[in-house]
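Below, each chain spelled out in residue letters.
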Amino acid sequence: NETIRLVLMCLEAAIHAGEARGTERVTLAIDLDGFGSRCMDLEGIKPCKNVGEMYPGRVGQVLLWRAPRIFGMFWRAIKPHINPATFAKIKFVEAAGLCEFIGVDDLPDDVVPMQNASAI
């Protein structure tokens, strides 16, 4: 699957970049803007579970950002299938919440929360 290969490539790049900075864990920020009913593919989630199992201990946090209302239905369906250790790492955040886990300098300009933009 092309999407899984892209996720693996990005995760590998993030791990290598983190190792170069002395960091062993990565924070995944997933922008759910545009998530709709066509994205609700439970079969498509299975490979994502395998990705998590391939990199145990490498993921520090998973930040779900800009989740639309429809994502709630999908979340209720997949939540019972998430490993409890992984589930504890998942947080729904607003733009300001991203800055608690990711340095402002590491965020794209269009993501930096407005209230923090003046502090840069």
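Residues numbered from 1 in each chain as written. Predicted model: local features only at pLDDT ≥ 70, side-chain atom pairs only at ≥ 80, totals over all residues. Heavy atoms only, no water.

## Some words on the layout of surface pockets
In plain terms, the rule: A cavity, in this analysis, means grid points on a 1 Å lattice covering only the protein atoms where a 1.4 Å probe fits yet has no way out; a pocket is instead an open set bounded by protein on both sides within 12 Å along at least five of seven lines, and a residue lines either one if it has an atom within 4 Å of a point. Grid points are joined across faces, edges and corners, and a volume is the space filled by probe spheres set on the points. Here a strand is any run of E in DSSP of at least two residues, a helix any run of H or I of at least four, and the numbering for each starts at the N terminus. Under the scheme applied here, ten amino acids are nonpolar (Ala, Val, Leu, Ile, Met, Phe, Trp, Tyr, Cys and Pro), four are charged (Asp, Glu, Lys and Arg), and all others, including Gly, are polar.
Of the pockets and cavities examined, the second largest pocket occupies roughly 530 Å³. Forming the walls of the second largest pocket are 19 residues, and the residues nearest its centre are Arg 21, Thr 27, Phe 101, Ile 102 and Asp 106. Elements that contribute at least two residues to the lining of the second largest pocket include exactly helix H1 (2-20), strand E1 (26-31) and helix H5 (95-101). The biggest single contributor to the lining of the second largest pocket is E1, with four residues. The class makeup of the residues in the lining of the second largest pocket is eleven nonpolar, four polar and four charged.

## As for the confidence of the model for the protein chain
Stated precisely, the cut-off is as follows: The pLDDT value tells you how sure the predictor is about a given residue, anywhere from 0 up to 100. Residue contacts are defined here by distance: any two heavy atoms, one from each residue, within 4.5 Å place the two residues in contact.
Per-residue confidence for the protein chain gives a mean pLDDT of 80; residues scoring 70 or more make up 82%. When mean pLDDT is taken per element in the protein chain, strand E3 (residues 90-93) scores highest with 92 and helix H6 (residues 114-117) scores lowest with 48. For residues 115-120, every residue scores under 50 in pLDDT, and the model assigns this stretch five contacts once sequence neighbours within four places are set aside.

## Quick look at the sheet that holds E3
The condition is simple: Should DSSP find at least two bridges between two strands, the strands are taken to pair. Think of each axis as a best-fit line through the C-alpha atoms, taken over the contacting stretch in the case of a helix, with angles from 0 to 180 degrees between the N-to-C directions.
Strand order in the open sheet formed by three strands is E1-E2-E3, and the pairing between neighbours is parallel. Only two strands of the sheet have a single neighbouring strand rather than two, namely E1 and E3. In this sheet, neighbouring strand axes are inclined to one another by 25° on average, regardless of whether the strands run parallel or antiparallel. The sheet contact formed by strand E2 (residues 59-65) and E3 spans four bridges and is parallel. Counted as the bridge partner of Val 62 is Ile 90 from E3.

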